[in-house]
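# Structural overview
Here's the letter readout for the chains.
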Amino acid sequence: VQLQASGGGLVQAGGSRRLSCIASGRSFNIYTLAWFRQAPGKGREFAAAIRYGTSATYYSDSVKGRFTISRDNAKNTVYLQMNSLDSEDTATYYCNANVRLNRYGIVMDFWGKGTQVTVSS
């Protein structure tokens, strides 16, 4: 399973940005798609997640009310709409997929390479 994240870039404080992550591969079922982020000098932290089957969403307190996670099942794509951005949102954003590999009958986590979001004040 490969995850390709895109949409990062430079944005002014108070602005918006939408990230996308496409999952590709053969014979897998996605359980959950999520976004994590890692700011310079800090550890990776959870931002948002969505369950593929139920569309239930989960957010960290730091992004709740500003970020919205959504998915397009037909495209195996997850989005992260980020609004009211501030300098503390500057980070590399990573896409994560919790996936069942049908050939092996096992569930694993996969990670994308990350996309950089820089918020200028």
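Here the structure is shown first, and the text comes after it.
The rules behind these values
- Residues numbered from 1 in each chain as written.
- Predicted model: local features only at pLDDT ≥ 70, side-chain atom pairs only at ≥ 80, totals over all residues.
- Heavy atoms only, no water.
- Helix = DSSP H or I, 4+ residues; strand = E, 2+ residues; numbered from the N terminus.
- Rg over C-alpha atoms; globule rule 2.2 N^0.38 Å.
- Buried < 20%, exposed > 50% of the residue type's maximum accessible area, 1.4 Å probe, protein only.
- Contact = heavy atoms within 4.5 Å.
- Areas by Shrake-Rupley, 256 points an atom, 1.4 Å probe, with all protein chains shown as cover.
- Lys, Arg positive; Asp, Glu negative; His and termini not counted.
- Charge placed at Lys NZ, Arg CZ, Asp CG, Glu CD.
- Salt bridge = Lys/Arg side-chain N within 4 Å of Asp/Glu carboxyl O.
- Pairing = 2+ DSSP bridges.
- Axes fitted to C-alpha atoms, helices over the stretch in contact; angles between N-to-C directions.
- Patch = residues over 30% accessible without salt bridge, like charges linked within 9 Å, V, L, I, M, F, W, Y side chains within 5 Å.

## A look at the overall build of the protein
When its secondary structure is counted, the protein shows 0 helices and 11 strands. By the compact-globule yardstick of 14 Å for 121 residues, the protein fits well, its C-alpha radius of gyration being 14 Å. Viewed in the frame of its principal axes, the protein has a C-alpha envelope of about 50 × 25 × 20 Å. Split into buried and exposed, the 121 residues of the protein put 41% on the buried side. Considering only contacts in the protein between residues 6 or more positions apart, those separated by 24 or more positions represent 52%. Carbon and sulfur atoms form 46% of the exposed surface of the protein, whose accessible area is close to 6,600 Å². Here the protein holds 14 positive side-chain charges and 7 negative ones, and the gap between their average locations is 11 Å.

## A word on the pattern of salt bridges
Counted according to the given criterion, the structure contains 4 salt bridges. Salt-bridge contacts for D89 lead to R37; the nearest nitrogen and oxygen are separated by 2.8 Å. On the criterion of sequence distance, the pair formed by D89 in the loop between strand 8 (77–82) and strand 9 (91–101) and R37 in strand 4 (residues 28–38) is long-range, its members being 52 residues apart. Of the residues examined, D89 reaches a relative accessible area of 1% and is grouped as buried. Note that D89 is salt-bridged to R66, the shortest N-O span being 2.8 Å. Note that D89 is positioned in the loop between strand 8 and strand 9 and R66 in the loop between strand 6 (57–59) and strand 7 (67–72), a separation of 23 residues in sequence. Each member of the pair, D89 as well as R66, carries the same accessibility label: buried. One network of salt bridges, in which partners are shared, links R37, E45, R66 and D89.

## Quick word on the side chain of S20
Secondary-structure assignment places S20 in strand 3 (residues 17–24). Setting aside residues up to four positions removed in sequence, S20 forms contacts with Q4, A5, S6, W35, T77, V78 and Y79.

## Here we look at the sheet that holds strand 8
Pairing in this open sheet of 4 strands is antiparallel, and the strands run 1-3-8-7 from one edge to the other. The sheet terminates laterally at strand 1 (2–6) and strand 7, the two strands that pair on one side only. Neighbour-to-neighbour, the strand axes of the sheet open up by a mean angle of 15 degrees, direction not taken into account. Pairing between strand 3 and strand 8: 6 bridges, direction antiparallel. Paired with R18 across the bridge in strand 8 is Q81.

## As for a nonpolar patch on the surface
There is a patch of nonpolar side chains on the surface, built from Y104, I106 and M108 and spanning about 300 Å² of accessible area. Its place among the elements puts M108 in strand 10 (residues 106–111). Taking the relative accessible area as the measure of exposure, M108 reaches 36% and is therefore partly exposed.

The values are spatial; any link to function lies outside them.
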